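# Close look at the chain arrangement
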Amino acid sequence: MTAALVVIDKYRTGLNGVSSHSSLIKVLVLHGPNLNLLGAREPGIYGSVTLAEIDSMLVAEANQLQAEVEAMQSNHEGVLVDAIQAAKTKFQGILINAGAYTHTSVALRDAIAAVKMPTVEVHLSNIYQRESFRHHSYIASVAIGQISGFGVQSYRLGLHALIHHIRHSN
Ligand code: CA2
């Protein structure tokens, strides 16, 4: 097989072996507990933007990058674990703000490790400037990177980094 054919095969098979007939990258965006309250409470820490506005911004941003995002929020750890396990068949990467589960959940960490999908961890606030219990992330060691402290821009930067990583790996 020639080198040119190998390249074409990569596009047809998609990254991570996901079957695809185009090179459109699909990213699963996961928001953890209480992030549905954004915009309504604690604007001093998290800003006044709502989760729906963050999701719309990510859809538009992905569109510019010839990619697609699908976003979901849950307050339940098991629902997030299920979503990560199911992601493999439909998505090439995961962008996650696991909220407080960042600091507590071995289950989320194990799910991300199990699916072996490139995952970027994001936080609105700078978790290292806050209480010491927020300084440890169970996600960080299984993520390709972490972006923390840039408000809504953390999501945007995280999406760019993830899509760049997916496009340039393999
Ligand atoms: O900074 C972040 O993005 C966090 O992931 C947000 C989590 C927090 O537990 C992490 O340590 C850092 C909390 C999300 C809760 O969001 C709220 C929004 C409005 C009102 C109350 C909570």
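First, a word on scope: everything that follows refers to the structure included in this document. Throughout, a residue's number is its position along its own chain's written sequence, starting from 1. In keeping with the predicted nature of the model, local features appear solely for residues at pLDDT of at least 70, side-chain atom pairs appear and are counted solely at 80 or more, and the whole-chain, interface and lining totals rest on all residues. Think of the side-chain values as coming from all heavy atoms in the structure, minus any hydrogens and water.

### Here we look at helix H3 (residues 51–64)
Because each turn of an α-helix spans 3.6 residues, side chains separated by three or four positions end up pointing in the same direction. Think of it this way: any DSSP run of H or I at least four residues long counts as a helix, any run of E at least two long counts as a strand, and we number them from the N terminus. Helix span, as expected, comes to 1.5 Å for every residue beyond the first. Helix length check: H3 (14 residues) gives 20 Å between terminal C-alpha atoms against 20 Å at 1.5 Å per residue, within 8%. Buried residues of H3: Leu-51, Ile-54, Met-57, Leu-58, Glu-61 and Ala-62, and no others. What you see down the axis of H3 is that its buried residues fit within an arc of 130 degrees, all on one side. Opposite the buried face of H3, by more than 90 degrees, sit the exposed residues Ala-52, Asn-63 and Gln-64. Think of it in three bands: residues with accessible area under 20% of the maximum for their type are buried, residues over 50% are exposed, and the middle band is partly exposed, with areas taken using a 1.4 Å probe on protein chains only. Directions pointing from the helix axis toward each C-beta atom define the arc.

### A few points about the site of the ligand
We call a residue near a given molecule or strand whenever any one of its heavy atoms falls within 4 Å of it. The local shell around the ligand holds 17 residues, among which Asn-97, His-103, His-123, Leu-124 and Ser-125 are the closest. N or O atoms closer than or at 3.5 Å make up a polar contact, with two conditions inside protein: a donor-capable atom paired with an acceptor-capable one, and, for residues adjacent in sequence, both atoms drawn from side chains. His-123 is positioned such that a nitrogen or oxygen atom in its side chain is 2.9 Å from an oxygen atom of the ligand. At 2.5 Å from an oxygen atom of the ligand is found a side-chain nitrogen or oxygen belonging to Ser-125. Considering the ligand on its own, with 510 Å² of exposed area, one finds that the protein chains cover 94% of that surface. Throughout, the Shrake-Rupley method with a 1.4 Å probe supplies accessible areas, and for residues the shown protein chains are the sole cover considered.

### What to know about the sheet that holds strand E5 (residues 145–148)
Spatially, five strands are ordered E2-E1-E3-E4-E5 in an open sheet, and the strand pairing comes out parallel. The sheet is open, and its two edges are formed by strand E2 (67–73) and E5, each paired on a single side. For this sheet, the mean inter-axis angle between neighbouring strands, taken without regard to orientation, is 20 degrees. Criterion used throughout: strands pair if DSSP finds at least two bridges between them. Bridge count for strand E1 (residues 25–31) against E2 is seven bridges, and the pairing is parallel. Paired with Ile-25 across the strands is Ala-67, a residue of E2. To get an axis, fit a line to the C-alpha atoms, keeping to the stretch in contact for a helix; angles then go from 0 to 180 degrees between the N-to-C directions.

### Remarks on unusual backbone geometry
In this structure, Gln-66 is a non-glycine residue whose phi angle is positive, near 50 degrees. You can see Gln-66 is positioned in the loop between H3 and E2. Even without being a glycine, Lys-116 presents a positive backbone phi close to 55 degrees. Judged by its relative accessible area of 66%, Lys-116 is exposed.

### Let's talk about the nonpolar core
Side-chain atoms within 4.5 Å are what join buried Ala, Val, Leu, Ile, Met, Phe, Trp, Tyr and Cys residues into a set we call a nonpolar core. Grouped together as the largest cluster of nonpolar side chains are 23 residues, with contacts concentrated most on Val-27, Leu-58, Leu-95, Tyr-155 and Leu-159. At the level of secondary structure, the elements contributing two or more residues to this core comprise E1, H3, E2, strand E4 (119–123) and helix H6 (152–168). Non-local contacts of Leu-95, meaning those with residues more than four positions away in its chain, are made with Val-27, Leu-28, Val-29, Leu-30, Leu-58, Val-120, Val-122, Tyr-155, Gly-158, Leu-159 and Leu-162. Residues Ile-84, Val-115, Val-142 and Ala-143 belong to the second largest nonpolar core, which totals 20 residues. Contacts are assigned to residue pairs that have any heavy atoms within 4.5 Å of one another.

### Some thoughts on the packing of helix H4 (residues 77–87) against helix H5 (residues 106–115)
Between H4 and H5, whose axes approach to 9 Å, the crossing angle comes to 5 degrees. In terms of orientation, H4 and H5 fall into the roughly parallel class. Side by side, H4 and H5 meet where Glu-77, Leu-80, Val-81, Ile-84 and Gln-85 of the first sit next to Ala-107, Leu-108, Ala-111, Ile-112 and Val-115 of the second. Put simply, angles under 35 degrees are roughly parallel, angles over 145 are roughly antiparallel, angles from 65 to 115 are roughly perpendicular, and the rest are oblique.

### Points about the pattern of salt bridges
A carboxyl oxygen of Asp or Glu within 4 Å of a side-chain nitrogen of Lys or Arg is what we treat as a salt bridge. Enumeration according to the criterion identifies six salt bridges in this entry. Between Lys-90 and Glu-70 there is a salt bridge, with its nearest N and O atoms 2.9 Å apart. Here Lys-90 is found in the loop between H4 and strand E3 (93–97), whereas its partner Glu-70 is found in strand E2, with 20 residues between them in sequence. On the accessibility criterion, Lys-90 (37% relative accessible area) is partly exposed. Among the salt bridges present, the one from Glu-131 reaches Arg-130, with a minimum N-O distance of 3.8 Å. Residue Glu-131 is classed as partly exposed on the basis of its relative accessible area of 36%. A single salt-bridge network, built from bridges that share partners, covers Arg-130, Glu-131 and Arg-134.

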